[in-house]
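The chain contents come next:
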Amino acid sequence: MDKQAHNNGMHQELPPPKMQVGFAGWIRKNMLSSPTDVLLTVVSIYILYKIVPPLANWVFFDAVFSGDVKHRNECREIAAGACWSVIVARFEQLLYGFYPVHLRWRVNVTFVLLFVALVPLLYDQVRGRKYLLWFTLFYPAFAFVMLWGGLGLESVESSKFGGFLLTVLIGVTGIAVSLPLGIALSLGRQSSMPLVRLLSICYIEFFRGVPLITLLFVASTLLNYFMPPGTYFDLLLRVIIMVILFAAAYIAEVIRGGLAAIPRGQFEAADALGLKYANCMRLIILPQALKISIPGIVNTFIGLYKDTTLVVIVGLLDPLGISGATLADSKWQGLSTELYMFIALGFFISCFAMSRYSLYLERKLDTGHKDQ
Amino acid sequence: MMSNIWADKKSRQTIIQIIVIVVVLSLIGFFVRNTLNNLELLGREASYSFLFAPSNYDINQHLIEYDSRSTHLRATVVGIINTGLVAFFGIMLATFIGFVAGVSRLSSNFLVNRIAYVFVEFSRNVPILLWILLWHGLIVHNMPHPKQAIAAYDFAFLTNRGIYMPKPLLEPAFWGVVVALLIALAGAYIFYRFARQKQELTGEQYPVYWVNGSLLVALPLLAFWLLGFPAELEYPVFKGFNFKGGLVLSPEFIALLIALGVYTGAFIAEIVRAGILAVSHGQTEAAFALGLKANLAMRLVILPQALRVIVPPMISQYLNLTKNSSLAIAVGYMDIVATIGGISLNQTGRALECMSIVLALYLCISLSISAFMNWYNKRISLVDR
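Residues numbered from 1 in each chain as written. Chains lettered and ligands numbered in written order. Predicted model: local features only at pLDDT ≥ 70, side-chain atom pairs only at ≥ 80, totals over all residues.

**Thoughts on the overall build of chain A**
Scanning chain A from N- to C-terminus turns up 14 helices and zero strands. Taking the principal axes of the C-alpha coordinates as reference, chain A spans close to 110 × 80 × 45 Å. Within the span of chain A, comprising 372 residues, buried residues form 32% of the whole. Taking all contacts inside chain A whose residues are at least 6 apart in sequence as the whole, residues at least 24 apart take part in 65%. (Helix = DSSP H or I, 4+ residues; strand = E, 2+ residues; numbered from the N terminus. Buried ≥ 20, exposed ≤ 12 C-beta atoms within 10 Å, placed from the backbone. Contact = placed C-beta atoms within 7 Å.)

**Considering helix H8 (residues 251-278) of chain B**
All names here are of chain B. Over its 28 residues, H8 runs 40 Å from end to end, which matches the ideal 40 Å to within 8%, given 1.5 Å per residue. For H8, the principal kink sits at Gly-265 and spans about 25 degrees. Along H8, 23 of the 28 residues are buried, which leaves the element largely enclosed by surrounding structure. (Expected span 1.5 Å × (residues − 1). Bend = angle between axes of the 7 residues up to and from the residue.)

**Topic: the interface of chain A and chain B**
Contact with chain A, which involves 45 residues of that partner, is made by 46 residues of chain B. Of all the secondary-structure elements, those providing two or more residues to the side of chain A that touches chain B are helix H1 (22-31), helix H2 (35-61), helix H8 (194-209), helix H9 (212-226) and helix H14 (336-365) of chain A. Looking at the side of chain A that touches chain B element by element, the count peaks at nine residues for H14(A). Class assignment for the residues of the side of chain A that touches chain B results in 30 nonpolar, eleven polar and four charged. (Nonpolar A, V, L, I, M, F, W, Y, C, P; charged D, E, K, R; others polar.)

**Brief notes about the nonpolar core**
Within the largest apolar cluster, 143 residues are counted, with the highest numbers of intra-cluster contacts made by A:Leu216, B:Leu130, B:Trp131, B:Ile132, B:Leu256, B:Ala259 and B:Val358. Broken down by element, this core gets its largest block of residues, 16 residues, from H8(B). Dropping the residues within four chain positions of it, A:Leu216 is found in contact with A:Val239, A:Met242, A:Leu310, A:Val311, A:Ile313 and A:Val314. Within the second largest apolar cluster, six residues are counted, among which are B:Ala149, B:Phe157, B:Tyr164 and B:Val248. (Core = buried A, V, L, I, M, F, W, Y, C linked by C-beta atoms within 7 Å.)

**Digging into the sheet that holds strand E2 (residues 156-159) of chain B**
By definition, the strands of a sheet pair up through backbone hydrogen bonds, in either a parallel or an antiparallel sense. Residues and elements named next belong to chain B. Across the sheet, four strands lie side by side as E1-E2-E3-E8; this open sheet has antiparallel pairing. A single partner strand is all that each edge strand has here, and the edge strands are strand E1 (150-152) and strand E8 (247-249). Between one strand and the next, the sheet's axes are offset by a mean angle of 20 degrees, whatever the strand orientation. (Pairing = 2+ DSSP bridges. Axes fitted to C-alpha atoms, helices over the stretch in contact; angles between N-to-C directions.)

**A word on the environment of B:Ala274**
Along the polypeptide, B:Ala274 turns up in helix H8. Along the primary structure B:Ala274 and B:Ala306 are separated by 32 residues, whereas in three dimensions their C-alpha atoms are 8.6 Å apart.

**Let's talk about the packing of helix H7 (residues 163-190) of chain A against helix H12 (residues 277-307) of chain A**
A pair of packed helices can be characterised by two numbers: the angle between their axes and the separation between those axes. Residue and element names in this part refer to chain A. Relative to each other, H7 and H12 sit at 135 degrees, their axes nearing to 11 Å. Considered as vectors, H7 and H12 are oriented oblique to each other. For the pair H7 and H12, the sense of crossing is right-handed. In this structure, H7 contributes Gly-171, Gly-174, Ile-175 and Leu-187 to the contact, and H12 contributes Met-281, Phe-301, Leu-304 and Tyr-305. (Parallel < 35°, antiparallel > 145°, perpendicular 65-115°, else oblique. Left-handed = near helix turned anticlockwise from the far one by under 90°.)

**Some points on the environment of A:Glu74**
Along the chain, A:Glu74 falls in helix H3 (residues 72-78). For the pair A:Glu74 and A:Val64, spaced ten residues apart in the sequence, the C-alpha separation amounts to 9.6 Å.

**Topic: the environment of B:Pro313**
Looking at the element boundaries, B:Pro313 is found in helix H10 (residues 294-324). Remark: the alpha-carbon pair of B:Pro313 and B:Ile343, spanning 30 residues in sequence, is separated by 34 Å.

**Quick look at the pairing of strand E3 (residues 162-165) of chain B**
Residue and element names in this part refer to chain B. Both E2 and E3 contribute to a ladder of three bridges, which runs antiparallel. The residue of E3 that forms the bridge with Leu-158 is Ile-163. Following E2, the chain reverses through two residues before pairing antiparallel with E3. The pairing of E3 with E8 spans three bridges and is antiparallel. When the sheet's bridge partners are listed, Met-165 is paired in E8 with Leu-247.

**A few points about helix H6 (residues 129-148) of chain A**
Along an α-helix, residues three or four positions apart point the same way, because every turn accommodates 3.6 residues. Residue and element names in this part refer to chain A. Here H6 is 20 residues long and its end C-alpha atoms lie 28 Å apart, about the 28 Å a rise of 1.5 Å per residue gives. A bend of about 45 degrees at Tyr-139 is the largest found in H6, and the proline Pro-140 appears one to four places after it. Regarding H6, the residues found buried are Ala-143, Met-146 and Leu-147. Tucked inside the fold, the buried residues of H6 contact helix H5 (104-122). Two residues or fewer past H6, Gly-149 is found with a positive phi of approximately 90 degrees.

**A look at the packing of H8(A) against helix H2 (residues 9-42) of chain B**
Contact pair H8(A) / H2(B): the axes reach a minimum separation of 8 Å and the direction vectors enclose 35 degrees. Residues A:Leu195, A:Val196 and A:Leu199 of H8(A) form the contact with H2(B), whose participating residues are B:Gln17, B:Val20, B:Ile21 and B:Val24. Classifying every residue of the contact of H8(A) with H2(B) gives six nonpolar, one polar and no charged.

Printed below as a string of structure tokens:
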């Protein structure tokens with residue numbers, strides 16, 4: 001008989017059962033825990049099998065990426081998959097529209113500096129935030145001069161703007177201006193002055209009640225009626241104004257929800273401290289209300305950013321407008337899937353990034369006061 | 001003196017309101033005067049009489065009688081019906097996708113959970129207009145010509161001109177079946193009330209779902225048989241270059257429907273997920289402690305509480321879907337915007353009148369839905385003790 005490896009009354013430690021830990025354990029726990037679970041796993045694998053390999057073949061393995069191909073029929077001769085050559089051929093247009101080629105560096109500089117301007121707003125731990133904020137303050141004027149020209153720079157008409165440049169331009173301007181307007185409207189809706197409240201309600205309900213596309217039609221067809229005879233202002237500007245007015249109504253509703261969640265005691269405490277209305281709002285109410293409404297606000301921003309695609313319907317050349325023009329070209333006819341997928345990817349990346357940032361902000365601002 | 005007035009809250013508010021109203025009224029006055037001036041320069045006045053003139057254009061999908069000699073008013077009605085049609089089926093589809101994806105997001109099965117996650121994120125982070133165009137392009141460019149149509153059991157045909165399906169032709173006697181269905185519905189309701197009363201009094205349970213389900217199926221079928229099958233199917237037949245007869249779903253309608261359903265469905269999925277997560281875990285445990293089975297616990301305890309969180313945002317998603325259906329114009333589906341706000345506007349040049357009609361129609365839809373929502377919220381809100 002072997003010598004006992006452990007003391008009397010104690011058993012040696014056995015390793016855990018193989019099927020409970022490690023990879024096998026994980027599979028068993030997350031994919032095969034019950035008969036229904038097994039069935040679901042099988043169905044899921046079947047769905048993946050039906051979708052992923054054909055899609056991967058079409059997108060990658062059977063696709064043509066070469067920029068030398070200048071016609072869709074050449075693509076078809078090489079491979080049966082996607083013809084990404086159309087993207088390569090029209091890449092610059094999809095980014096800049098018809099912005100003059102020799103001036104595109106101005107767009108690039110403006111775009112890169114946009115992130116510099118955003119940094120102090122998005123992260124408050126940045127070194128030298130004070131100076132960066134000054135830069136942010138002057139950025140809109142700077143961007144305007146860079147994009148449209150003036151002050152010695154060659155001027156560019158806004159009808160030349162297009163592609164993702166237009167998307168980012170309308171989106172960022174809309175986001176930046178609609179937030180303060182929305183805050184003002186939500187405060188107006190809570191106001192103790194009946195007339196101000198009534199006007200705010202009318203505004204909010206009107207703009208929330210109609211689709212953006214009808215407002216864009218109003219901007220493109222009707223605005224001339226409302227202006228003194230002979231006035232002309234730029235279609236791009238009209239569209240941006242409409243997008244701002246539209247988004248502000250939605251922001252106002254989101255912030256109203258945040259305001260409604262603030263306990264009455266906070267208002268009373270501010271009154272008791274002798275704070276005036278402006279200070280009470282700025283120092284006590286709005287910081288809390290905005291914090292609560294962050295998810296809603298970011299969702300509205302994402303919605304606004306996605307809604308910039310609608311400008312194609314009133315004739316601006318955003319990425320969809322450029323694809324429309326490309327598809328009308330007999331060389332690239334019928335390649336709509338490739339073009340739309342590329343644009344969809346562009347939107348997905350930016351919108352997904354925005355929603356991730358909102359999650360980060362929620363976690364950072366969470367003071368743990370919420371009772372669970 | 002001046003500072004006194006300003007220091008008093010009441011008079012200060014009065015002054016602010018007077019300033020606001022003056023500014024707003026003068027702004028409105030400015031716009032109205034400009035509009036009148038502009039109309040005068042164009043040599044005409046705002047008038048809605050064009051609504052009764054012939055429209056001179058065709059609409060490919062109309063559920064009511066319509067041709068190019070019909071009036072603009074009738075074209076508008078066709079547009080409203082088309083908007084309603086795509087919104088109705090879109091809402092059905094979105095609700096179905098939303099509930100399936102939302103529950104899948106909560107599944108403990110890794111694969112199901114991840115597939116739903118990827119689906120939701122991809123669907124809602126891509127603009128709806130892009131979805132509509134993508135689906136439309138897929139159908140128009142990638143589906144076969146009617147000649148090589150993909151046949152589904154010789155029943156439906158998928159082509160690049162839409163889906164062709166048999167159309168039920170109903171004879172007048174079919175009304176008998178409808179009446180039978182109504183009677184069955186009434187009977188089911190009465191039995192439901194009776195069973196419930198009985199259960200409250202004695203605790204005895206009747207198989208309500210089985211009885212009512214079979215009642216609802218059997219009675220109309222019986223009527224259908226007794227009346228001698230007063231309906232038949234008109235099959236689409238391939239003739240010349242295209243299918244003739246049957247029911248056609250145009251590529252525009254299908255693209256719009258799928259895009260609206262998938263996009264809104266992704267939002268509803270998140271709402272459903274949040275709603276179910278909002279029901280505290282103690283409720284589930286309490287239900288199990290009472291001895292309820294999983295499906296009963298879900299139906300009687302969790303779902304009613306989750307629905308209170310789910311329904312209000314879901315209705316506002318329905319409203320969004322209806323408003324987003326206005327993007328139909330991008331693929332040429334003839335809804336409100338494309339008829340009165342599109343072709344009618346271009347033909348008559350009456351931008352002011354046409355756009356005011358479009359805006360008023362959408363406002364009516366939105367305001368009535370939000371009025372309903374306020375009523376509903378009041379009804380279901382928890383009464384604090």
